[in-house]
There are 2 protein chains.
Amino acid sequence: MRNALLIPDLRELIRGGEAAALREFIEDQHPGRTAELIEDLEAEDGDALFRVLPPRDRAEVLSYLDTDSQNRIVESMPLREAAELLHLMSHDERADLVKRLDEDFVDGVLPHLAQAERDDIRRLTSYEPGTAGAVMTTDYVVLPAHIPVREALERLRHEAPDKETIYYCYIVDHNRRLIGFVSLRTLILSRRSAMIEDIMQRDVIFGRVDEDQESAARQIDKYDLIALPVVDTSNRLVGIITHDDAMDILRQEQTEDILKFGGVSPDPEADTAPYWSSTVPDVVRRRIKWLLMLFLAGELTIPVMEHFEWIKARFPVLDDFLPLLLGTGGNAGSQTVGTVIRGMSLGEIKAREAWRVVLREWLTGLCLGLMLGLVGVLYVRFRKGRPWGIALVVGLTLLGICTWSNTIGALVPLLARRMGIDPAVISAPFISTLVDATGLVIYFTTAITLLIKWGS
Amino acid sequence: MRNALLIPDLRELIRGGEAAALREFIEDQHPGRTAELIEDLEAEDGDALFRVLPPRDRAEVLSYLDTDSQNRIVESMPLREAAELLHLMSHDERADLVKRLDEDFVDGVLPHLAQAERDDIRRLTSYEPGTAGAVMTTDYVVLPAHIPVREALERLRHEAPDKETIYYCYIVDHNRRLIGFVSLRTLILSRRSAMIEDIMQRDVIFGRVDEDQESAARQIDKYDLIALPVVDTSNRLVGIITHDDAMDILRQEQTEDILKFGGVSPDPEADTAPYWSSTVPDVVRRRIKWLLMLFLAGELTIPVMEHFEWIKARFPVLDDFLPLLLGTGGNAGSQTVGTVIRGMSLGEIKAREAWRVVLREWLTGLCLGLMLGLVGVLYVRFRKGRPWGIALVVGLTLLGICTWSNTIGALVPLLARRMGIDPAVISAPFISTLVDATGLVIYFTTAITLLIKWGS
């Protein structure tokens, strides 16, 4: 509850039917704040508050509501009113909403919209989810090349109320091919008599309609754009993606890396699936794949354990340190993968630097291993009171395991990238599992070398 | 190398000293692309290309260069030229650059700047790193409330070249207190004779100068702003943060969650430390803390192993499955933490939903455990040829460990948040370590119950 103090007053006004007072209350407020109030109220009161809003504000406020509230509010409206609302919404959000609404309801609403709007909705909803086409909007400003700035500004003034942004204007030829771009800033700065074709920038950064939404969003991020134009295969302008949508896309994609790192395959069908909208069977399906694969890979530890049965039989105390040693190896590996994946996802680690990274992580692992190894020796000798031989085996194993798991933790994601695999799928569990079997080998061979070969 | 085809031609033009041709080549290009070319060329050629640029373009291109190139290029310039460049740069980037440059060089350059600019640099560099103040810029547009739109547009035209953005204008009173906001869109749409005070929005969303940069960036994200005004403790307007900087901040913070999840404490001094700029001792220091803490927590496994020595002595084959079982528990826990942390960081999991989350993850763990348990039983019985008793112990342990680690994996980050601890520090290694000791208990008590109590 973000507005706990306001809610009781607001509820009273709503239940008293005081439309004028309510309208005044929210009139000068950012639509995002009004949306918060609606979400914080009980559904019925929230819906009543929404109905008080003037039509254009409704479209704005709706765009800040969560999808459940959007669906509920729109589906409870009379068809004609819902159509009016769709008419005023930004085109990308309208298309997203229509995709979520009940089909029968949509069939009832669409006839109330103009043919051009129905076509627009149909086009925008037809793009493959996850592509630039599916997130772009069609309410952008287009200008011809051969008009003066004066006329361009005049057009902007007329078109502004219906456009997502008027700060970037796109210039197209008679085939609607994108040939240039001019910002409102440039328009304001130019002489009123200058021709658009003389002031427009011809080197336009653009995306393609079938391109991955993430790569389009990255262009917006990289070049600090307010919007990115999107063209079809014939270079015709078909939409724009705005900076705020790019931010949402990048947030989804980046937090998805945490999922992958935790060892969950992202859902290719809905790579923006919110926590609550996936069912438990969905979640189980996405997780069991990795758990099974890791289980089968982890199986490798069994023959290793069997193979070294005899040394454990001679020194049963070795067994006590097993979980701790393997756990530490997995921890060190996780740290390295986390660091390397982040460096790659921020673009800090370039392909040609791969070997420097491995060397650096190896060195880090060596330092960490020396420190932990020393702690291990002292711990086993003095706190657990075990013989020096066992203490040394544990210490050297820690050194070996840390160095090894740091090297593996750097090498594997870098190799994955080189092989064209998303390095973010190299999860913490993946590295722990890799380190488990090899960690056992390190432990037992160290024990054999120190306790049997040198001991005798 | 992003522009492999262009580089040889460009190099030839540069080495031939063909300034006019070079200028024409890059004239109409986005400054971000020119910056890419400079980075892809050898340092000397890149610097030469930079020197060909007209002054205002230099400032633009510089802002897209990586920090190493920025430092190198600026420090190799004559003092007067460097001052001219600083004069033309956006104020936040100028302050960042000055912080990085050699101190003696800065002392030489500053006297060439106007007093107001020196003051501006001093002010912007004085804010605590990580606060809104440290990332804001001071080149924004301010308008008085009592002028008509006509005059406001006239002012904008004069000020536009020196401002970071002219799309949002802020209205202040005579004490520079922020009292309103008007977008260029609203200005364009309003009658020329309308007064600013009548068209401005009075409910302005703003940040505070000492606020965390992440929370300021989140406002920009949440309300889809192009810029967020920043005020000091007396509500005086002191700067703005633009959408592109907000995107950079959020990317840094979100990818930082991967670091934490991997078990690395982020550096509080430099929470945006790039991969290469931290030294190996820095990295070791940041990682050893967690490794040691986890080592000490993992130590708990030793008494557990000792305590159950006797059952292992009676059924030595139990030992072989230990690494696999503990590994699987850690994997299932990692998946859950990853999912829950992501849900919280996207704001999908609200505080009041904590119990629903735990229940849901418990149920997921139960399903996963049933599936893995079944696989485990069949695997141990038929592939490893062990007796049904052992197979059942392994299967039931998988069921128990998966359910338990999923519950823990949901519970711990939710509890952390409730206690005001950043849930992202609940790392995959943290959960694996927690699960290790408890997993052993589950394994051995299952074995005792099935093999000793029921077996006899």
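Residues numbered from 1 in each chain as written. Chains lettered and ligands numbered in written order. Predicted model: local features only at pLDDT ≥ 70, side-chain atom pairs only at ≥ 80, totals over all residues. Heavy atoms only, no water.

With that out of the way, let us pick up the overall build of chain A. Helices and strands together make up the secondary structure of chain A, namely 23 helices and six strands. The globule rule puts the C-alpha radius of gyration for 456 residues at 23 Å, and the 31 Å found for chain A is more than 25% above it. Its C-alpha atoms put chain A at 95 × 60 × 40 Å along the principal axes. Scored against the burial criterion, the 456 residues of chain A give a buried share of 58%. For chain A, long-range pairs separated by at least 24 residues make up 68% of all intrachain contacts whose partners lie at least 6 apart in sequence. Summed over all atoms, the accessible surface of chain A reaches about 19,200 Å², with 56% contributed by carbon and sulfur. (Helix = DSSP H or I, 4+ residues; strand = E, 2+ residues; numbered from the N terminus. Rg over C-alpha atoms; globule rule 2.2 N^0.38 Å. Buried < 20%, exposed > 50% of the residue type's maximum accessible area, 1.4 Å probe, protein only. Contact = heavy atoms within 4.5 Å. Areas by Shrake-Rupley, 256 points an atom, 1.4 Å probe, with all protein chains shown as cover.)

Residues and elements named next belong to chain A. Applying the stated criterion across every chain, the model contains 16 aromatic pairs over all chains. Seen in terms of ring centroids, Phe382 and Trp388 are 5.7 Å apart; in terms of plane orientation they differ by 90°. Their pairing is edge-to-face. With relative accessibility at 57%, the residue Phe382 sits in the exposed group. The rings of Tyr168, Tyr170 and Phe181 are connected pair by pair, giving a single aromatic cluster. When the ring centre of Phe382 is taken as origin, the NZ or CZ atom of Arg381, which lies over that ring, is 5.8 Å away. (Phe/Tyr/Trp six-rings, centres within 6.5 Å; stacked < 30°, edge-to-face > 60°. Lys NZ or Arg CZ within 6 Å of the ring centre and 35° of its normal.)

The subject of this paragraph is the interface of chain A and chain B. Many analyses report the size of an interface as the accessible area lost when the parts associate. Taken together, the 124 residues of chain A in the interface contact 124 residues of chain B. Both faces considered, chain A and chain B share a buried interface measuring about 11,800 Å² in area, 60% of it formed by carbon and sulfur atoms. A salt bridge links A:Glu306 to B:Arg386, with the nearest nitrogen and oxygen atoms 3.0 Å apart. No other element matches helix α16 (residues 243–262) of chain A, which puts 16 residues into the side of chain A that touches chain B. Here the residues of the side of chain A that touches chain B are counted per class, giving 59 nonpolar, 29 polar and 36 charged. (Buried area = accessible area lost by both parts, 1.4 Å probe. Salt bridge = Lys/Arg side-chain N within 4 Å of Asp/Glu carboxyl O. Nonpolar A, V, L, I, M, F, W, Y, C, P; charged D, E, K, R; others polar.)

Here we take up the confidence of the model for chain A. When the pLDDT values of chain A are averaged, the result is 89; 97% of them are 70 or greater. Strand β5 (residues 227–231) of chain A holds the highest mean pLDDT among the elements of chain A, 97, whereas helix α2 (residues 19–27) of chain A holds the lowest, 84. (pLDDT = per-residue confidence, 0-100.)

Residues and elements named next belong to chain B. Read from one edge to the other, the open sheet built from three strands follows the order β4-β5-β6, with strand pairing classed as mixed. Sheet topology places β4 (207–208) and β6 (237–242) at the edges, where each strand pairs with a single neighbour. For strand β5 (residues 227–231) and β6, the ladder comprises five bridges, and the chain directions are antiparallel. The partner of Val230 across the bridge, within β6, is Gly239. (Pairing = 2+ DSSP bridges.)

Residue and element names in this part refer to chain A. In the contact formed by helix α20 (residues 322–345) and helix α23 (residues 428–453), the axes pass within 8 Å of each other and the chain directions differ by 135°. With respect to α23, the element α20 is oriented oblique. Helix-helix and strand crossings are classified by hand; for α20 and α23 the assignment is right-handed. On α23, the residues that touch Leu322, Leu325, Leu326, Gly329, Gly330, Gly333, Ser334 and Val337 of α20 are Ala428, Ile431, Ser432, Val435, Asp436, Gly439, Leu440, Tyr443 and Phe444. Here the contact of α20 with α23 is composed, by residue class, of 10 nonpolar, six polar and one charged. (Axes fitted to C-alpha atoms, helices over the stretch in contact; angles between N-to-C directions. Parallel < 35°, antiparallel > 145°, perpendicular 65-115°, else oblique. Left-handed = near helix turned anticlockwise from the far one by under 90°.)

What follows is about a negative patch on the surface. All names here are of chain A. A cluster of acidic side chains, namely Glu75, Asp102, Glu103, Asp104 and Asp107, defines a negative patch on the protein surface. If you tally residues by element for the negative patch, the top one is helix α9 (residues 103–109), at three residues. In this structure, Asp107 sits in helix α9. (Patch = residues over 30% accessible without salt bridge, like charges linked within 9 Å, V, L, I, M, F, W, Y side chains within 5 Å. Lys, Arg positive; Asp, Glu negative; His and termini not counted. Charge placed at Lys NZ, Arg CZ, Asp CG, Glu CD.)

We now examine the pairing of strand β6 (residues 237–242) of chain A. For β6(A), the tally of buried residues reaches six of six residues, placing the bulk of the element in the interior. Between β5(A) and the antiparallel strand that follows it, β6(A), lie five residues; A:Asn235 among them carries a positive phi value of about 65°.

Scanning the entire structure with this criterion turns up eight cavities of 30 Å³ or more. Approximately 250 Å³ is the volume found for the largest cavity. Around the largest cavity, the lining is made up of 22 residues, and of these A:Leu326, A:Gly327, A:Asp436, B:Gly327 and B:Asp436 lie nearest the centre. Listing elements by their share of the lining of the largest cavity, those giving two or more residues are α20 and α23 of chain A together with α20 (322–345) and α23 (428–453) of chain B. Each residue belonging to the lining of the largest cavity can be placed in one class, and the counts come to 10 nonpolar, 10 polar and two charged. (1 Å grid on protein atoms, 1.4 Å probe; cavity = no way out; pocket = protein on both sides within 12 Å on 5 of 7 lines; lining within 4 Å. Points joined across faces, edges and corners; volume = space filled by probe spheres on them.)

Here the focus is the UniProt feature "domain: CBS" (unreviewed entry) in chain A. Residues and elements named next belong to chain A. As recorded in UniProt, the feature "domain: CBS" (unreviewed entry) lies at residues 136–199 and 200–256. For the annotated span residues 136–199, helix accounts for 33% and strand for 22% of the residues, and the straight-line distance between the end C-alpha atoms is 26 Å. Secondary structure across residues 200–256 divides into 42% helix and 23% strand, with the first and last C-alpha atoms of the span separated by 38 Å. (UniProt positions renumbered as here; feature names shortened; annotations may be inferred.)

With that out of the way, let us pick up the domain arrangement of chain A. Per the domain assignment, the segments making up chain A are domain 1 (7–127), domain 2 (141–243) and domain 3 (299–453). The straight-line distance from the C-alpha centre of domain 2 of chain A to that of domain 3 of chain A is 54 Å. (Domains from an automatic or database assignment.)

Turning our attention to the UniProt feature "transmembrane region" (unreviewed entry) in chain A. Residue and element names in this part refer to chain A. Mapped onto this numbering, the UniProt entry gives "transmembrane region" (unreviewed entry) at residues 362–382, 388–416 and 428–452. End C-alpha atoms of residues 362–382 are separated by 30 Å, and the span's content is 100% helix alongside 0% strand. As a span, residues 388–416 carries 100% helix and 0% strand, and end to end its C-alpha atoms are 41 Å apart.

Note on the identical chains: chain A maps onto chain B by a rotation of 180° and an axial translation of 0.0 Å, with an RMSD of 0.1 Å. Taken together, the rotation angle and the small translation identify this as a two-fold axis. Nearest to the rotation axis, the C-alpha of A:Ile258 is located 2.9 Å from it, this being the minimum over chain A. Of the residues that chain A buries at the interface, 100% are likewise interface residues in chain B, meaning the two copies contact each other through the same surface. (Least-squares fit on C-alpha atoms with pLDDT ≥ 70 in both.)

Here we come to the environment of B:Leu370. Residue placement: B:Leu370 occurs in helix α21 (residues 354–383). The spacing of B:Leu370 and B:Gly17 is 353 residues in sequence and 73 Å in space, taken between C-alpha atoms.

Glancing now at unusual backbone geometry. Not every positive phi belongs to a glycine, and A:Arg176 is a case in point at roughly 65°. Tracing the sequence through the fold places A:Arg176 in the loop between β2 (168–172) and β3 (178–183). A positive phi angle is found at B:Asp224, which is not glycine, with a value near 55°. With respect to the helices and strands, the residue B:Asp224 is situated in the loop between α15 (213–222) and β5.

If you check which residues of helix α4 (residues 43–52) of chain A are buried, you get A:Asp45, A:Gly46, A:Asp47, A:Leu49, A:Phe50 and A:Val52. Elements that come into contact with the buried residues of α4(A) comprise α1 (7–15), α2, α3 (31–40), α5 (55–64), α6 (67–75) and α7 (79–88) of chain A.

A few words now on the nonpolar core. Formed by 110 residues in total, the largest nonpolar core has its most connected members in A:Leu184, A:Leu187, B:Leu184 and B:Leu187. Those residues within four positions of B:Leu184 in sequence are excluded, and the remaining contacts are A:Tyr167, A:Leu184, A:Ile188, B:Leu153, B:Leu156, B:Ile166 and B:Tyr167. In this structure, A:Val280, A:Val337, B:Val393 and B:Ala447 belong to the second largest nonpolar core, which totals 61 residues. (Core = buried A, V, L, I, M, F, W, Y, C linked by side-chain atoms within 4.5 Å.)

Checked against the element boundaries, B:Asn406 lands in helix α22 (residues 388–418). Overall, B:Asn406 belongs to the buried group, its relative accessible area being 0%. Beyond its immediate sequence surroundings of up to four residues, B:Asn406 is in contact with A:Arg287, B:Ala332, B:Thr336, B:Glu361, B:Thr364, B:Gly365 and B:Leu368.

In this section: the state of the cysteines. On inspection of all chains with the given rule, the structure shows zero disulfides over all chains. Free of any disulfide, B:Cys367 has its nearest cysteine sulfur in B:Cys402, 11 Å distant. (Disulfide = S-S within 2.5 Å.)

For the rest of this paragraph, the subject is a nonpolar patch on the surface. All names here are of chain A. A cluster of nonpolar side chains, contributed by Leu374, Leu378, Phe382 and Trp388, occupies part of the molecular surface with about 460 Å² of accessible area. If one sorts the elements of the nonpolar patch by residue count, helix α21 (residues 354–383) sits on top with three residues. Tracing the backbone shows Leu374 in helix α21.

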